[in-house]
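Spelled out, the chains give:
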Amino acid sequence: LYFIYDSSTHVYSPDAHGRISVLWRAMRSVNYSFFAANNKSTPSDPLRYSVSVIPDAYPSIAVLEMQDSMVDDRRFFQGRIKDDYGFSKLDFKLVVTNSNDTSSNRTLTIPVALKTGASQEFFFAYNFAELTVLPGDHIQYFFEIWDNDAINGPKVSSSQRFDIIIPTDEELQQVLDQNFDEA
């Protein structure tokens, strides 16, 4: 059996049971053909086929943030995630930085439960009062969704980024002074 793809010809012979197997992974769209021939026959017109490979897309994510009306530090999130084949993980990430004290910079990752399916809605709540912060800290938070691409490795997409900036002691004093002057 002559198997032709990518401008090259590969010849396969039958196994002990008279069968021929061709194993090949198509990583992109390709045309291929094959024909049978031996020393007692002449090659016939090849049978022509094509394989269309649809690339695995990046997952998508959209998130809405709502502040709790009773507890200022609590945020609620409603999100929608989509992918062509499904997901492997969803994380809520908090990145805390401080330009005055870089030794306190840190990233926290909180896993969010996923259901099965290629499109789903999720809900999440976080109480920022549980996060230890210093004056001048900048908190950036967002979600990351990972697809389940087992061939090339999971691809990740991030939601929009949200920010909270903790005032410095000097900024707090300025606000207090201004409020005192206005009173």
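The structure we're discussing is the one just above.
Residues numbered from 1 in each chain as written. Predicted model: local features only at pLDDT ≥ 70, side-chain atom pairs only at ≥ 80, totals over all residues. Heavy atoms only, no water.

Moving on, we come to the sheet that holds strand β3 (residues 30-35). The 4 strands lie next to each other as β2-β1-β3-β4, forming an open sheet whose pairing is antiparallel. Here the strands that pair on one side only, and so sit at the sheet edges, are β2 (8-11) and β4 (47-51). Pairs of neighbouring strands in the sheet enclose a mean axial angle of 25°, with direction left out of account. As paired elements, strand β1 (residues 2-5) and β2 share 4 bridges and run antiparallel to each other. By the bridge assignment, Tyr5 is partnered in β2 with Ser8. (Pairing = 2+ DSSP bridges. Helix = DSSP H or I, 4+ residues; strand = E, 2+ residues; numbered from the N terminus. Axes fitted to C-alpha atoms, helices over the stretch in contact; angles between N-to-C directions.)

So, about the environment of Gln120. Position of Gln120 among the secondary structure elements: in strand β9 (residues 119-127). Gln120 gets classed as buried once you look at its relative accessible area, which sits at 5%. Among residues more than four places away in sequence, those in contact with Gln120 are Gly79, Arg80, Ile81, Phe87, Leu114 and Lys115. A distance of 3.4 Å separates the side chain of Gln120 from the backbone oxygen of Gly117, its partner in a polar contact. (Buried < 20%, exposed > 50% of the residue type's maximum accessible area, 1.4 Å probe, protein only. Contact = heavy atoms within 4.5 Å. Polar contact = N/O pair within 3.5 Å; in protein donor to acceptor, adjacent residues only side chain to side chain.)

Let's shift gears to the nonpolar core. Core analysis: the largest hydrophobic core is formed by 21 residues, its most contacted members being Phe92, Phe128, Tyr141 and Phe143. Where this core is concerned, the elements lending two or more residues are β5 (60-67), β6 (74-82), β7 (87-97), β9, β10 (138-147) and β12 (162-165). It is β7 that contributes the most residues to this core, 5 residues altogether. Ignoring any residue separated from it by four or fewer positions in sequence, one finds Tyr141 in contact with Glu65, Arg75, Phe77, Phe92, Lys93, Leu94, Phe128, Gln160, Arg161, Phe162, Asp163 and Ile164. (Core = buried A, V, L, I, M, F, W, Y, C linked by side-chain atoms within 4.5 Å.)

We now examine the layout of surface pockets. Here the largest pocket defines a volume of roughly 260 Å³. In this structure, the largest pocket is lined by 14 residues; those nearest its centre are Ile54, Pro55, Asp56, Ile151 and Asn152. (1 Å grid on protein atoms, 1.4 Å probe; cavity = no way out; pocket = protein on both sides within 12 Å on 5 of 7 lines; lining within 4 Å. Points joined across faces, edges and corners; volume = space filled by probe spheres on them.)

Where burial is concerned, most of β10 is hidden: 7 out of the 10 residues are buried. Where β10 meets β12, 4 bridges bridge the pair, whose relative direction is antiparallel. Bridge assignment links Tyr141 to a residue of β12, and that residue is Phe162.

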